[in-house]
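Breakdown of the fold
Listed here are the chains, written in short residue letters.
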Amino acid sequence: MISNLDYGTLQQLWWIICSLVGSLFLFLTFVQGGNTLLWQVAKNDVESALVMNSLGRKWEITFTTLVLFGGALFAAFPKFYATSFGGAYWVWMLILFTFIVQAVSFEFRKKPGNLLGARVYESFLLINGTVGVLLIGAAVGTFFTGSNFILNAYNQVSWTHPLRGLEAAFSLFNLSLGLFLVFNARVLGAMYLLNNIDFSAMDGFEARIRKAAWVNFLCSLPFLLYVLASLLLRQGFGVDEAGVVSMVANKYLLNLLAMPLVLGLLLLGLVLVILGVLATAFKGSSRGIWLAGPGTVLVGLALFFTAGFNSTPFYPSVADLQSSLTIFNASSSRYTLTAMTYVALGIPFVLAYVVYVWRQMDSQKLAAHEVANDEAY
Amino acid sequence: MVDVDLSLVNWSRAQFALTAMYHWIFVPLTLGLSFLLAMFESIYVRTGDEKWKALTKFWMTLFAINFAIGVATGIILEFQFGTNWSNYSWMVGDIFGAPLAIEGIFAFFLEATFFAVMFFGWNRVSKGFHLFSTWMVAVGSSLSAVWILVANAWMQHPVGMAFNPETARFEMENFWAVLFSPIAMSKFTHATSSGFLLASLFVVTISSWYLLKGRHVEMAKRSIVVASVFGLLASVYVGFTGDEAAFENAQKQPMKLAAFEGLYKGEQGAGLVAAGIMNGDKKPGDSQAPFLFEVKLPGLLSLLANRESGSFVPGIDDLVYGNSEQNVMGVVDKMKMGRLAVADLADFKQARLEKNENGASDALTRFNINKEFLGYGYLNTPEEAVPPVSTVFYSFHIMVILGGFFPVLFLAYLFYTLKGRIGEVRWLLPIGVSSYFLGLVAQQTGWVVAEVGRQPWAIQGLLPVKVATTNLAVGNVQATFFMFLGLFTLLLIAEIKIMLKQISIGPEGI
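Computed from a predicted model, the values in this text were never measured in an experiment. (Residues numbered from 1 in each chain as written. Chains lettered and ligands numbered in written order. Predicted model: local features only at pLDDT ≥ 70, side-chain atom pairs only at ≥ 80, totals over all residues.)

Scanning chain B from terminus to terminus reveals 16 helices and 8 strands. In summary, chain B has a C-alpha radius of gyration of 25 Å against a globular reference of 24 Å for 510 residues, a match within 12%. Considering only C-alpha atoms, chain B reaches an extent of 80 × 50 × 40 Å along its principal axes. Residues classed as buried in chain B amount to 54% of the 510 residues present. Once local pairs closer than 6 in sequence are excluded, the contacts in chain B between residues at least 24 apart make up 76%. (Helix = DSSP H or I, 4+ residues; strand = E, 2+ residues; numbered from the N terminus. Rg over C-alpha atoms; globule rule 2.2 N^0.38 Å. Buried ≥ 20, exposed ≤ 12 C-beta atoms within 10 Å, placed from the backbone. Contact = placed C-beta atoms within 7 Å.)

As structure tokens, then:
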């Protein structure tokens, strides 16, 4: 059956798969958000240890999802991989830098002889959760605001801005999307901690985390509202049947109206995030993460679909509109997409065992006595 | 012919080499130690002996420290293909990206998911599920090696693809040919078994140190038994797979094999250089002797390269300038055809741009005649096709000599273990303590042979590194090079200090 799928269907299918992986990553940034809450919510060593050990059991899943996102884009949309990573050099390098320092921090932080001291490793985690997530948001924002590149006849990229990608962070839209993701990650981080930690005899600790979920949600709102308003009102990039790219008024609003399912995903996602926050802040629920997390995935999917479907170049160039990348001109060959689609049949199996193991490990909440030994983070 | 900023190419190469070499300090240990952990824990589950559990947990602590920095240094490698080698990523992403994505889906998730159970699940899951998780981490690490080595093997021997002139890129035609390429098989078996070997040396090194100090003697002896058996099997297998890898190199990358051996003039019944000092002034095509001093084993190189002791093995000069007697086409001739292919491709693209279909069709017909030599059209001189011979020669010989030493070492450890005297052999234990560091040297030199030996190609014969880079101002790459050098060095120092401290603390109660 897969081998009978036509090229266009495969290209769209792979945009959906990449969008799903990217959106799952946005959910899993609860690890990054949780990292940044350490100073605010943990007031003693036991509380710090609980935060670190709770997040430390999940950081690799987030990290791996990011790596898979990169690998999937490389395999399915190599022209995007080459253009964006090679062109927007500094924004990607700084993002990677923050993930490199994150990867050692859980393991090294409490180990004797760790050279830099626990505070430095905690700062690495803070940098990852703020600068790293902010820049990811800015990079995703360029799907709507455009980037400064030109492709030649051999599809080699020339970047026309001296900041090589960092200029993305100076656009109000991109910056707002980045800040929304930072605060949303903190909201998710707080909800995850509430779901994962045993707060017996630690009421103050639990209350601080609940407050953090609410306060960070309020902080995220202005940025979310600006992003949504700007998205609906701004001029966007469109591509006609001949492949000619031009500016289109209210393009992304038109996309949402033309794709009611995507509009539904966006609205449902936002509602789920809000319900998760309300349940956490006012109902004493520890399961808000299971509303806000899927909600974040749906919002992410809606953003990626709005950027890539309905005759829209998902990686537009403001330096040369005709260099813009669409899911049809940036993809791998039909053969590769077909082979990779067979491979993707394994994804549900992978998700199933991840969920199974996660449930096994989290069937008991993390208690203070478990983080009091030398093996703990 | 091609106006390329060589300093950009060299800095991009230096950055990739730096990050890859740092990464490969940690990865082979992860590959092998994960299996040793699974073996230690299997013995614990089978015997119920708590001392085996303590031993497993001790090695697991060291594994975790190594694993974290391995992950940290690994992420940059994947994304660096895009950031610093964007032309490469576009031209071969259709083929090269697929194994990386599959590695993410099937290997990394397996490792990441079960890693958490292995470390934090002792009191949360059953004994059996915990053991299963430890084995899954080991399987995941080897699965990861499969896919990245398939990708690397494809760079050494590109198969299962065709060049598409419309997009000016290589596209996959046969996934199975890429996966089961003989180079991929030999690379996977050689690299993973060398990881098993290195991890065994790691265990022997630390255990020998404990024996010398008279600390944790029982744990050290138990660890040595398992590691010596595993290490001996692995080191013998490394020898066989190394021989197979050299044979494949001789068939698919004869220039690399010639560089292994510093062989300039091809010979029938060529001898294998057991040891030698190269003449640093020697250049391809000149009449100088390649060696100041050499010890050669007659006929062995022909046997290794072609499985026939009297067969002809082409040298660097044959491969550069051609040898019609032996039917070897030289780089000189390949460049002529490659330049025609480059020009015809440009004509094709221009005709397409001008919507001149007849012109495009003519150019394509001409291009197809010479397309297999396209990459040679980008070389400036025939000698550019020769890798740095001395670097490859010395690296290869250091690796082979060390590869011959390790099975002897493991045999000695097993012999004295069986005699019950391993703790008393004072001459052997210091050698054991140094063995892990020798293993690291063998690992690094092995990759120098593989990667420097492939130069000047990113994709053997098809895409030179100088065409594969991202168009960047060199200052950007210099900045990130020093950024990674500083960061990785800092993290390495921290890792070593933490490791030493944990070794000094030692296991609990054994």
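Turning to the overall build of chain A, a few remarks are in order. In terms of regular secondary structure, chain A is built from 14 helices and 4 strands. Overall, chain A is about 65 × 45 × 45 Å in size when its C-alpha atoms are taken along their principal axes. Here chain A holds 377 residues, and the buried ones make up 59% of them. Long-range contacts, defined as pairs at least 24 residues apart, comprise 77% of the intrachain contacts of chain A with a sequence gap of at least 6.

This next bit is on helix H4 (residues 127-156) of chain B. Helical geometry: 3.6 residues make up each α-helical turn, so side chains three or four residues apart lie on a common side. Along its 30 residues, H4 of chain B runs 44 Å from first to last C-alpha, staying within 8% of the 44 Å computed at 1.5 Å per residue. By the criterion of burial, H4 of chain B is predominantly enclosed, with 21 of the 30 residues buried. (Expected span 1.5 Å × (residues − 1).)

On to the environment of Val342 of chain B, then. Residues and elements named next belong to chain B. Relative to the helices and strands, Val342 is located in helix H11 (residues 331-353). By the C-beta count within 10 Å, which is 20 here, Val342 ends up buried. Excluding residues that lie within four positions of it along the chain, Val342 makes contacts with Leu374, Gly377 and Tyr378.

The next subject is helix H16 (residues 474-505) of chain B. The end-to-end C-alpha distance of H16 of chain B, which contains 32 residues, comes to 46 Å, matching closely the 46 Å that a straight helix rising 1.5 Å per residue would cover. Of the residues making up H16 of chain B, those classed as buried are Val477, Thr480, Phe481, Phe484, Phe488, Leu491, Ala494, Glu495, Ile498 and Gln502 of chain B.

On the chain B side, the residues contacting the 57 residues of chain A number 59 residues. For the side of chain A that touches chain B, the elements supplying multiple residues, two or more each, are helix H4 (59-76), helix H5 (78-87), helix H6 (89-109), strand S2 (157-159), helix H13 (334-344) and helix H14 (347-361) of chain A. Here the side of chain A that touches chain B takes 11 residues from H4 of chain A, the largest share from any one element. Across the side of chain A that touches chain B, the residue classes tally to 36 nonpolar, 15 polar and 6 charged. (Nonpolar A, V, L, I, M, F, W, Y, C, P; charged D, E, K, R; others polar.)

As a further point, take the nonpolar core. Leu96 of chain A together with Leu36 and Val150 of chain B are the most contacted members of the largest nonpolar core, which totals 299 residues. With 23 residues, the single largest contributor to this core is helix H3 (residues 86-120) of chain B. Here this core gathers at least three residues from each of two domains, domain 1 (6-253 + 387-505) and domain 2 (254-386) of chain B. Excluding residues that lie within four positions of it along the chain, Val150 of chain B makes contacts with Pro99, Val178, Leu179 and Ala184 of chain B. (Core = buried A, V, L, I, M, F, W, Y, C linked by C-beta atoms within 7 Å. Domains from an automatic or database assignment.)

Residue and element names in this part refer to chain B. Omega for the peptide link from Gln455 to Pro456 comes to 10°, which places this bond in the cis form. By secondary structure assignment, the location of Pro456 is in the loop between helix H14 (428-452) and strand S7 (457-459). Although it is not a glycine, His216 adopts a positive phi angle of roughly 45°.

Moving on: the confidence of the model for chain B. Should pLDDT be low for a region, the predicted coordinates there are not to be read in detail. A residue-level look at chain B finds 99% of positions with pLDDT of 70 or above and a mean pLDDT of 94. This complex was scored by the predictor with a pTM of 0.93 and an ipTM of 0.93. (pLDDT = per-residue confidence, 0-100.)

All names here are of chain B. Running from amino to carboxyl end, helix H7 (residues 217-252) crosses helix H8 (residues 254-261) at an angle of 125°, the nearest separation of the two axes being 5 Å. Here H8 runs oblique to H7, going by the angle between their axes. Along the contact surface, H7 presents Ala246, Asn249 and Ala250, while H8 presents Pro254, Lys256 and Leu257. Of the residues that constitute the contact of H7 with H8, the class distribution is 4 nonpolar, 1 polar and 1 charged. (Axes fitted to C-alpha atoms, helices over the stretch in contact; angles between N-to-C directions. Parallel < 35°, antiparallel > 145°, perpendicular 65-115°, else oblique.)

This part takes up the environment of Val245 of chain A. Residue and element names in this part refer to chain A. Examined against the element boundaries, Val245 turns out to sit in strand S4 (residues 245-248). A tally of 22 C-beta atoms within 10 Å means that Val245 is categorised as buried. Taking the C-alpha atoms as reference points, Val245 and Asp203, 42 residues apart in sequence, are found 57 Å from one another. Aside from chain neighbours lying at most four places away, what touches Val245 is Phe237, Val239, Pro313, Pro316, Leu321, Gln322 and Ser324.

Note: interface size is frequently given as the accessible area lost on complex formation between the parts. Residues and elements named next belong to chain B. When the domains of chain B are assigned, the result is domain 1 (6-253 + 387-505) and domain 2 (254-386). Computed over C-alpha atoms, the centres of domain 1 and domain 2 are 31 Å apart. Between domain 1 and domain 2, the contact holds 26 residues from the first and 26 residues from the second. Elements with a contribution of two residues or more to the side of domain 1 that touches domain 2: H7, helix H13 (389-418) and strand S8 (463-464). Looking at the side of domain 1 that touches domain 2 element by element, the count peaks at 6 residues for H13.

Residue and element names in this part refer to chain A. Contact geometry for helix H1 (residues 7-28) and H13: axes closest at 10 Å, N-to-C directions at 50°. In terms of their interaxial angle, H1 and H13 are classed as oblique. Seen along the crossing, H1 lies across H13 with a hand that is left-handed. Residues Tyr7, Leu10, Gln11, Leu13, Trp14 and Ile17 of H1 form the contact with H13, whose participating residues are Arg334, Leu337, Thr338, Thr341 and Ala344. Here the residues of the contact of H1 with H13 sort into 7 nonpolar, 3 polar and 1 charged. (Left-handed = near helix turned anticlockwise from the far one by under 90°.)

A word on the environment of Gln268 of chain B. Residues and elements named next belong to chain B. By the secondary structure assignment, Gln268 is in strand S3 (residues 267-268). On the basis of neighbour counts, which here come to 13 C-beta atoms within 10 Å, the residue Gln268 falls in the partly exposed class. Gln268 sits 34 residues away from Ser302 along the chain, and the two C-alpha atoms are 7.2 Å apart. Ignoring any residue separated from it by four or fewer positions in sequence, one finds Gln268 in contact with Gly310, Ser311 and Phe312.

Residues and elements named next belong to chain B. Judged by which residues are buried, strand S2 (residues 169-172) turns out to be covered on both faces: Arg169 and Glu171 on one side and Phe170 and Met172 on the other are all buried. In the sheet, strand S1 (residues 161-164) pairs with S2 via 4 bridges, with the strands oriented antiparallel. Its bridge partner being in S2, Phe163 is matched across the sheet by Phe170. Linkage of S1 to S2, two consecutive antiparallel strands, is achieved through a turn of 4 residues, within which Ala168 is found at a positive phi near 55°. (Pairing = 2+ DSSP bridges.)

Let us now look at the pairing of strand S5 (residues 291-297) of chain B. If a strand is regular, its side chains alternate between the two faces of the sheet. All names here are of chain B. Within S5, only 0 of the 7 residues are buried, which leaves it mostly out in the open. Bridge analysis of strand S4 (residues 272-278) against S5 gives 6 bridges, and the strand direction is antiparallel. Residue Met278 lies in a different strand from S5, and its bridge partner there is Phe291.

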